[in-house]
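Close look at the chain arrangement
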Amino acid sequence: MKTEIIPLHEDGSKEEEAIIARGAEFIREGKLVVFPTETVYGLGGNALDAEAAKKIYAAKGRPSDNPLIIHIADIGDAEHYCETSDLFYRLACAFWPGPLTMIMKKKPCIPDSVTGGMDTVAVRLPSNPTANTLIRLAGVPIAAPSANLSGHPSPTTKEHVIFDLDGRVDMILAGNPADIGLESTVIKLEDDRVILLRPGGVTYEDLCTLLGKDHVTVDRIVLEKVTGDFKPISPGMKYRHYAPKAPVILLNGTEEAILAAMKEKQKTEPGAAFLIYDEDKPDFEGCTAVTIGPRNDPAMQAHRLFACLRAFDDMENVTVIYARIPGREGIGLAVYNRLAKAAGFTVQDV
Ligand code: TXA
Ligand code: MG
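Residues numbered from 1 in each chain as written. Chains lettered and ligands numbered in written order. Predicted model: local features only at pLDDT ≥ 70, side-chain atom pairs only at ≥ 80, totals over all residues. Heavy atoms only, no water.

**Considering helix α10 (residues 298-313)**
What counts is decided by this rule: Here a helix means four or more residues in a row that DSSP labels H or I, a strand means two or more in a row labelled E, and each is numbered from the N terminus. Helix span is expected to be 1.5 Å times the residue number reduced by one. A residue's bend is the angle separating two fitted axes: one through the seven residues that end there, the other through the seven that start there. Each residue gets one of three labels from its accessible area relative to the maximum for its type: buried under 20%, exposed over 50%, partly exposed in between, using a 1.4 Å probe on protein chains only. Contacts are assigned to residue pairs with any non-hydrogen atoms lying within 4.5 Å of each other.
For α10, with 16 residues, the first-to-last C-alpha span of 23 Å sits near the 22 Å given by 1.5 Å per residue. At arginine 304, α10 is bent by approximately 45°, the largest bend along its length. Those residues of α10 not exposed but buried are Gln301, Ala302, Leu305, Phe306, Cys308, Leu309, Arg310 and Phe312. Packing partners of the buried residues in α10 comprise α6 (158-165), β13 (272-276), β14 (289-291), β15 (320-324) and α11 (332-342).

**A few points about the packing of helix α4 (residues 86-95) against helix α7 (residues 204-211)**
Applied cut-off: Think of each axis as a best-fit line through the C-alpha atoms, taken over the contacting stretch in the case of a helix, with angles from 0 to 180 degrees between the N-to-C directions. When describing relative orientation, an angle under 35 degrees is termed roughly parallel and one over 145 degrees roughly antiparallel, while 65 to 115 degrees is termed roughly perpendicular and anything else oblique. Crossing handedness follows the turn of the near helix against the far one: under a right angle anticlockwise gives a left-handed crossing, and clockwise gives a right-handed one. Residues are grouped as follows: Ala, Val, Leu, Ile, Met, Phe, Trp, Tyr, Cys and Pro are nonpolar; Asp, Glu, Lys and Arg are charged; every other residue, Gly included, is polar.
The interhelical angle for the contact between α4 and α7, taken along N-to-C directions, is 125°, at an axis separation of 11 Å. Comparing the axis directions of α4 and α7 gives the class oblique. Here α4 runs over α7; the crossing is right-handed. Listed contacts from α7 to Leu87, Arg90, Leu91, Ala94 and Phe95 of α4 are Asp206, Leu207, Leu210 and Leu211. For the contact of α4 with α7, the residue count by class is seven nonpolar, no polar and two charged.

**So, the side chain of threonine 133**
Mapping threonine 133 onto the fold places it in helix α5 (residues 129-138). Here threonine 133 is in contact with Glu17 and Ile20, once residues within four sequence places are set aside.

**Some thoughts on the packing of α10 against α11**
Axis separation between α10 and α11 bottoms out at 9 Å; the angle between their running directions is 20°. With respect to each other, α10 and α11 are oriented roughly parallel. The element α10 and its partner α11 pack so that their crossing is left-handed. Of the residues in α11, those touching α10 at Pro298, Gln301, Ala302, Leu305, Phe306 and Leu309 are Gly332, Val335, Arg338, Leu339 and Ala342. Residue classes in the contact of α10 with α11 are distributed as eight nonpolar, two polar and one charged.

Written out as structure tokens, the structure is:
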């Protein structure tokens, strides 16, 4: 398939709106359009069209039991597609538009192929203006998983998208790098409480502040490796994700102990590569290392994590990647979750 790759400055100009309008037309015709959002790029198709959903799974190489998020342009649109509630409106008013996805009972107009046969649907209202314009002009909700090949880290830049999906989709709206850089927070709404299934830019603390701590549960899949018969609430969370080619090992210990361990590994393990803070650079000269951002800036670490994981794949002779175990406060929980998944939750105490 020939992919139209269209560069966008995302400047809000009339010219760019006309380009986005063509993308919207593509969506209505059942075609696939990649578009930027504030979290990561999305691979979009008409969420009311069962065939479009099938094309999305094929383009990504994704198992079809893993449901898609539908993206809407106005809070009021949600009730057409799912059973809304007071809890939904409280959360939507607080956090939409933005990086929060809410799972609720679906209405019949959403095809089973979009939800992987589940009776619930995940809904999000993105804040990125290009995404918002595309959805509004399409006039239909847009089903969109992250625009990566299944198993690769989610794409945060147009280069990642083009690398993964050129030739597999009809159009790529090649805009700016994603602001947040990690996928949206996913929660399931149940009566008067929510279950956190995937941490993201709307943090656990944000949810607790709005709803009270007793009304927010963190699903164990966020924090630990689950195996055997465990049936996750969210099918996607059971797949191995975000993994670079070389195995990742998280180091746990005091700051001094971790640095000492990394220096030792530099000498004794020739294939070792390191994910480090900007401040560490002087200690890693001549080593295979990728910097993720300043030590005390978890938002920057979130923004850069997926690009860092992709960078390790471009390096020669990397046999193992060592990283510090991230702190779990605020957006740090999302960084921890993605890195821990990349590591298969392998932790070495030092
Ligand atoms: O930030 C994001 O959420 C991006 C952008 C494009 O919006 N999208 C994204 O989609 O990350 P995806 O498909 O890569 O991840 C959606 C996750 C999957 O793990 C899926 O299993 C889960 O949400 N999910 C979707 N619908 C669900 C449902 N009805 N019940 C449980 N989990 C669901
Ligand atoms: Mg994804």
